[in-house]
Amino acid sequence: MIKIGIIKEEKIPADNRVALTPDQCRWLLSHNNQLSIVVQPSAIRCFQDAEYERAGAILSDDLQDCSILLGIKEAAVDSLIEDKTYLFFSHTRKKQPHNRNLLKAILQKNITLIDYECLEHDDGQRIIGFGFFAGIVGAHNGIMAYGKRTGLYELERVFKQKNFKELIHSYFGLKLPNIKVAVTGSGRVAHGLIEIMNLLGLHEVEPDDYLKRRFTYPVYTQLKGKDLYEHEVTGNYSREDFHQHPQNYQSKFLPYASQTDILLNGVYWEEGIPRLFRKEHISQPDFIIQTIADISDDKGGSVPINMGSATIEAPVYGIDKTSRKQTAPYEHNAIDIMAVSNLPNELPRDASRYFGEQLIKYVWDDLVKGGNAIIQRATIASGGRLTQHFAYLQDYVADK
């Protein structure tokens, strides 16, 4: 018998998503009579405790008998149980300072940590994640913020909709002005961004055409790696070389800033990757972007005027174009920034269902059988030590 535990989310701000929905638990239990699922009760989870009970799961605060524990956001340090295997988004692979103590505790308690973010196919493509729904909500919020700034139309908040289907229905009859929207990225986040562009009736145009003229109808263009970056010496772009040596590349986004009303940013960023533009660029008269939805949400990252996450309740703030300091949203001489770290929480049931489907399809069987190469590559810590793939984090946990 193998016992799987679903931990309650304790991080602030509260997260109401889950790794497995009640229906998914029911399906797993019906296909494996040697499986037991224990769910910690939670008042904030998007699915009620009673739904899990009806699905055949056991409700209990005690997860000591579980061998594998599933969460979403970082587990609370005080709640970590020694010698267990945990799966959650640890946000440690980029040496995030606020999670150093979490990784230290994981090592001290001999915990095996498998990070969802690090589960990748052999070609480096992420296997599971919430990126698609982050893109859905981020695109909606970006378009919503532009409407609030201009007063040209109104969009209701996503979290007020029951589900994704109801959100789609809210677009019926909406007529957008002749805006130009730049969508950056090519992964799950970008797919979510483009889904909303299409649902809202924006026409896709090629990047070259986008740069040449305005249109008599709302349009968007998708900017992928080759459109955003070029080698500093050759002027070319190679995806493989870029990922191996991003420091040799420079951004070529700036011309789009003179043609774009709304930027929906979905590119992956880490230290060493060129930023889309520099802070001082926003003061230039031909930088006409009025709204930026930074779904990637790296403080000071690919969007250098991202001052840090806002909240679902108040998702937008302004950046003054002259002082480059944070202001209230929708002010005259400012660019509005929508940057929220837990966007999928606005559609938690849909997002959780999508996440769980990917988990079951691509990871589950190998996880309960003891792992495979993909899971090993996503294992940050095991046996009280960092694994080979994450040895570079040693100075991070040593406070150096």
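Residues numbered from 1 in each chain as written. Predicted model: local features only at pLDDT ≥ 70, side-chain atom pairs only at ≥ 80, totals over all residues. Heavy atoms only, no water.

- In the nomenclature of an unreviewed UniProt entry, the protein is known as Saccharopine dehydrogenase [NAD(+), L-lysine-forming] of Niabella yanshanensis.
- Turning to the protein, the UniProt annotation filed under Subunit (unreviewed entry) states: "Monomer."
- For the protein, the Pathway (unreviewed entry) comment in UniProt is given as "Amino-acid biosynthesis; L-lysine biosynthesis via AAA pathway; L-lysine from L-alpha-aminoadipate (fungal route): step 3/3." (UniProt positions renumbered as here; feature names shortened; annotations may be inferred.)

### Some thoughts on the sheet that holds strand β12 (residues 262–265)
At step 1: Pairing is mixed in the open sheet, where 8 strands are placed in the order β8-β9-β7-β12-β13-β16-β14-β15. Of all the strands in the sheet, the pair left with one neighbour each is β8 (203–204) and β15 (326–327).
At step 2: Where strand β7 (residues 180–184) lies against strand β9 (residues 219–223), 5 bridges are found, and the strand directions are parallel. Bridging from a neighbouring strand, Ala182 pairs with Thr221 of β9.
At step 3: Lying over the sheet, helix α4 (residues 131–150) contacts β7, β12, β13 (291–294), β14 (316–320) and β16 (334–338), oriented at roughly 160° with respect to β12.
At step 4: Running at roughly 155° to β7, helix α6 (residues 188–199) makes contact with β7, β9 and β12 of the sheet. (Pairing = 2+ DSSP bridges. Helix = DSSP H or I, 4+ residues; strand = E, 2+ residues; numbered from the N terminus. Contact = heavy atoms within 4.5 Å. Axes fitted to C-alpha atoms, helices over the stretch in contact; angles between N-to-C directions.)

### Concerning the sheet that holds strand β1 (residues 2–6)
At step 1: Spatially, the 8 strands line up as an open sheet ordered β3-β2-β1-β4-β5-β6-β17-β18, and their pairing is mixed. With one partner strand each, in any of the chains shown, β3 (58–59) and β18 (385–386) form the two edges of the open sheet.
At step 2: Here strand β2 (residues 35–39) runs beside β3; their pairing, made up of 2 bridges, is parallel. Paired with Val39 across the two strands is Leu59, which belongs to β3.
At step 3: Set on the sheet, helix α1 (residues 22–30) makes contact with β1 and β2; between it and β2 the angle comes to about 155°.

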